[in-house]
Amino acid sequence: MTAVVHATGVQKSFGNHPALRGVDLLARPGEIVAITGPSGSGKSTLLHCLAGIVRADRGSITVAGHQLDAIGEEERSKLRRNEIGVLMQFGHLVAELTALQNVALPLLLRGESRASAAQRARTWLDRFAVGDLADRRPTQVSGGQAQRVAAARALVTEPAVLMADEPTGALDSLAGEELMAQVTLAARARGTTVLLVTHDARVAAHADREVVVRDGLVVGPPRARGAGGPSVTAEGPVAPGSPA
Ligand SMILES: Nc1ncnc2c1ncn2[C@@H]1O[C@H](COP(=O)(O)OP(=O)(O)OP(=O)(O)O)[C@@H](O)[C@H]1O
Ligand SMILES: [Mg+2]
């Protein structure tokens, strides 16, 4: 099966500080991969490079069949609009817009009609159990509810890959658990690949496998999921018997 995300030798420095020192990572269609590691190890930088938000200095990154380092800015933003959903620790909803308008926005940006965008946005708000908050603005909902709206916005375009950076980091454990259950349900139903940066073992437990980043490198093998399962490397394979 072709990889949805395939990174090789990714390097990124800030000034003379190397944040990524040659990262290899591969994620297959429908795989949920947790990216863990100590603070400052390069997890967010890696996710930003993979999402095409930050340009890597060296190495090759392919997302949904597009080689990021070989395409221009316009094509990269088109790729981000169509194939990549992004969910950060703080949802970054647009304060002036209602929940419905926030979720409809990515669809409008890619040229969908207002009526169709609103309808799909409503469906996604319902999927995340915040349909009744459609007309509220971000300041009028709880943190957990705002993160569900942000998750609906990240998935409304049905991207090939969802890139999430500490999506539950600002939530209490119950709200975090509910959000992760809904995100993984939606992703698994559609075969969406998920890259999930987290510090939280309970969040990582939603993944099929885990890769560990340390000092700007993927250090394997991470611990296998499930008792007695074989070790997996940064390039898989998924341990037999783990949820597909
Ligand atoms: N924009 C930036 N300018 C300069 N240095 C940066 C920048 N972004 C990240 N860094 C540095 O790069 C390294 C990796 O940072 P990164 O944010 O990727 O870590 P992280 O693993 O996500 O950490 P955390 O778990 O705390 O979020 C750190 O040493 C950080 O200080
Ligand atoms: Mg980070």
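In this text the structure is predicted, and so the values were computed from the model without any measurement.

> Just checking my understanding: could you explain the site of ligand 1 for this structure?
In the vicinity of ligand 1, the contacting residues are Phe14, His17, Ala19, Gly37, Ser39, Gly40, Ser41, Gly42, Lys43, Ser44 and Thr45. Among the secondary structure elements, those contributing two or more residues to the shell around ligand 1 are strand E2 (17-27) and helix H1 (43-50). The element best represented in the shell around ligand 1 is H1, accounting for three residues. In terms of residue class, the shell around ligand 1 is built from two nonpolar, eight polar and one charged.

> Sorry if this is basic, but what is going on with the environment of Thr193 here?
By secondary structure assignment, the location of Thr193 is in strand E8 (residues 193-197). The exposure class of Thr193 is buried, given the 22 C-beta atoms found within 10 Å. Along the sequence, Thr193 and Ile84 sit 109 residues apart, while their C-alpha atoms lie 9.7 Å from each other. With residues up to four places along the chain from it excluded, the contact list for Thr193 reads Val4, Val5, Ala27, Pro29, Gly30, Glu31, Ala160 and Val161.

> Hey, could you run me through the sheet that holds strand E5 (residues 66-67) in this one?
Paired through their backbone hydrogen bonds, the strands of a sheet run either parallel or antiparallel. Pairing in this open sheet of four strands is antiparallel, and the strands run E2-E1-E4-E5 from one edge to the other. Sheet topology places E2 and E5 at the edges, where each strand pairs with a single neighbour. Across the face of the sheet, H1 comes into contact with strand E1 (5-14), E2 and strand E4 (58-63) while running at roughly 120 degrees to E1.

> Explain the pairing of strand E9 (residues 209-214) here, please?
Where a strand is regular, its side chains alternate between the two sheet faces. As paired elements, strand E3 (residues 32-36) and E9 share four bridges and run parallel to each other. Residue pairing in the sheet places Ala34 in a bridge with Glu210 of E9. Inspection of the sheet shows E9 paired to strand E10 (residues 217-219) by three bridges, in the antiparallel sense. Bridge pairing links Val212 to Val219 in E10.

About the thresholds
Residues numbered from 1 in each chain as written. Chains lettered and ligands numbered in written order. Predicted model: local features only at pLDDT ≥ 70, side-chain atom pairs only at ≥ 80, totals over all residues. Near = placed C-beta within 6 Å. Helix = DSSP H or I, 4+ residues; strand = E, 2+ residues; numbered from the N terminus. Nonpolar A, V, L, I, M, F, W, Y, C, P; charged D, E, K, R; others polar. Buried ≥ 20, exposed ≤ 12 C-beta atoms within 10 Å, placed from the backbone. Contact = placed C-beta atoms within 7 Å. Pairing = 2+ DSSP bridges. Axes fitted to C-alpha atoms, helices over the stretch in contact; angles between N-to-C directions.

All we've got here are geometric facts, nothing functional implied.
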